[in-house]
Amino acid sequence: MELGMNIFEINWGKTLSFFTVFVVALAAVFNYLESSETEEIPRMDLNAMEENHRQKNRTCFILGASGETGKALLKEIVERNIFSKITLIGRRQLTFEDKTYENLVQKVVDFEKLDEYAEAFQGHDVGYCCLGTTKAKAGAEGFVRVDHDYVLKSAELAKAGGCSHFHLESSKGADKTSSFLYLKTKGQVEAEIEDLGFERFSIYRPAVLLVAREESRPAEWVAQKFLGAFSSVFPTMSISITAVARAMVINTLKDGGKKVEILENKAICNLGKIGDKK
């Protein structure tokens, strides 16, 4: 029995060591490839940028404010006070204890009948879409309905309603030609929203999101625990939910951006660091 346990411990140790080396090596390759494509972010006077944005008296809406990214994004926007009006569009009314949220406008919609709620998408300068679910939670059909159909229809209504800058939280590896449903769906909706012709369309492709979710996602939890240990060394592997939200806000403040821009994980990390008020 003791000999068997020793053999098991040796084999397990070798397997774990090999897996760790493999993941780190793979991350190093991703880090190298992404580094060659990412421009260095210049210094920014955030106070001046925020004040300049306030003077424009712009309004925004957030889709998915009840989700982890949406909640973090809403917090950043409210604390920075950069919009004259903030509208939350979702399937249910949200409650907030903090009085700083008391001036929010909330529009409850039925995503299965979005055309009947076109008014909710009218009159916004900037739109943030953080809608999303998983195949495990909603099934393959339900996943496509949320991450593609709801997202695309929302973007169409936003464009028709006058939105000029649309932000989409997508995923690292999104590719409309992918054989994987998740990545293919993300890539397809990116391409179809691009075809709508927003004045500015910003796509964010974060890697594994480091966040303590209220809902249970076992596979993601394992990935977070393992990849979180390497996040500071290889920023292509994972990213905090707060960094993603900050990046979306800071990117909003930047004038003269590309008509269509894709921010990969490292670029999001860079903007997130700039937006850190600590």
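Residues numbered from 1 in each chain as written. Predicted model: local features only at pLDDT ≥ 70, side-chain atom pairs only at ≥ 80, totals over all residues. Heavy atoms only, no water.

Draft legend 1. Examining the overall build of the protein more closely. Secondary structure assignment for the protein yields 8 helices and 9 strands. Within the protein, the proportion of its 278 residues that are buried is 44%. Within the protein, counting contacts between residues at least 6 apart in sequence, those at least 24 apart form 74% of the total. Within the structure as shown, the protein displays about 15,100 Å² of accessible surface, and the carbon and sulfur contribution to it stands at 53%. (Helix = DSSP H or I, 4+ residues; strand = E, 2+ residues; numbered from the N terminus. Buried < 20%, exposed > 50% of the residue type's maximum accessible area, 1.4 Å probe, protein only. Contact = heavy atoms within 4.5 Å. Areas by Shrake-Rupley, 256 points an atom, 1.4 Å probe, with all protein chains shown as cover.)

Draft legend 2. Highlighting helix α2 (residues 46-55). Within α2, burial applies to Leu 46, Met 49, Glu 50 and His 53. Along α2, the residues classed as buried sweep out an arc of 95 degrees about the axis, all on the same side. Along α2, the residues that are exposed and aim more than 90 degrees away from the buried face are Asn 47 and Gln 55. (Arc of directions from axis to C-beta.)

Draft legend 3. Layout of the environment of Leu 181. Tracing the chain through its elements places Leu 181 in helix α5 (residues 181-194). Measuring from C-alpha to C-alpha, the distance between Leu 181 and Ala 140 comes to 8.0 Å, with 41 residues separating the pair along the chain. Among residues more than four places away in sequence, those in contact with Leu 181 are Lys 135, Ala 140, Phe 143 and Val 144.

Draft legend 4. Main features of unusual backbone geometry. We note that Asn 57 has phi near 55 degrees; this positive angle belongs to a residue other than glycine. Mapped onto the fold, Asn 57 is located in the loop between α2 and β1 (59-63). A positive phi angle, near 55 degrees, is found at Asn 81, a position not held by glycine. Locating Asn 81 in the fold gives a position in the loop between α3 (68-80) and β2 (85-90).

Draft legend 5. How the structure looks around the side chain of Arg 200. Tracing the backbone shows Arg 200 in strand β6 (residues 200-205). Residue classification places Arg 200 among the buried positions, given a relative accessible area of 9%. Side chain to side chain, Arg 200 and Asn 251 meet in a polar contact 3.0 Å long. If near-sequence neighbours (up to four positions away) are discounted, Arg 200 is found in contact with Ser 164, His 165, Phe 166, Asn 251, Thr 252, Lys 254, Gly 257, Lys 258, Lys 259 and Glu 261. (Polar contact = N/O pair within 3.5 Å; in protein donor to acceptor, adjacent residues only side chain to side chain.)

Draft legend 6. The pattern of salt bridges, seen in detail. Inspection of the entire model under this criterion finds 16 salt bridges. Between Arg 80 and Glu 76 there is a salt bridge whose closest N-O contact spans 3.0 Å. Placement of the pair is Arg 80 and Glu 76 together in helix α3, with a separation of 4 residues, close to one helical turn. Relative accessible area serves as the criterion here: at 3%, Arg 80 is assigned to the buried category. A relative accessible area of 5% places Glu 76 in the buried class. Here Glu 76 makes a salt bridge to Arg 246, at a shortest N to O gap of 3.4 Å. With Glu 76 in helix α3 and Arg 246 in helix α7 (residues 241-253), the pair connects residues that are 170 residues apart, well separated along the chain. (Salt bridge = Lys/Arg side-chain N within 4 Å of Asp/Glu carboxyl O.)

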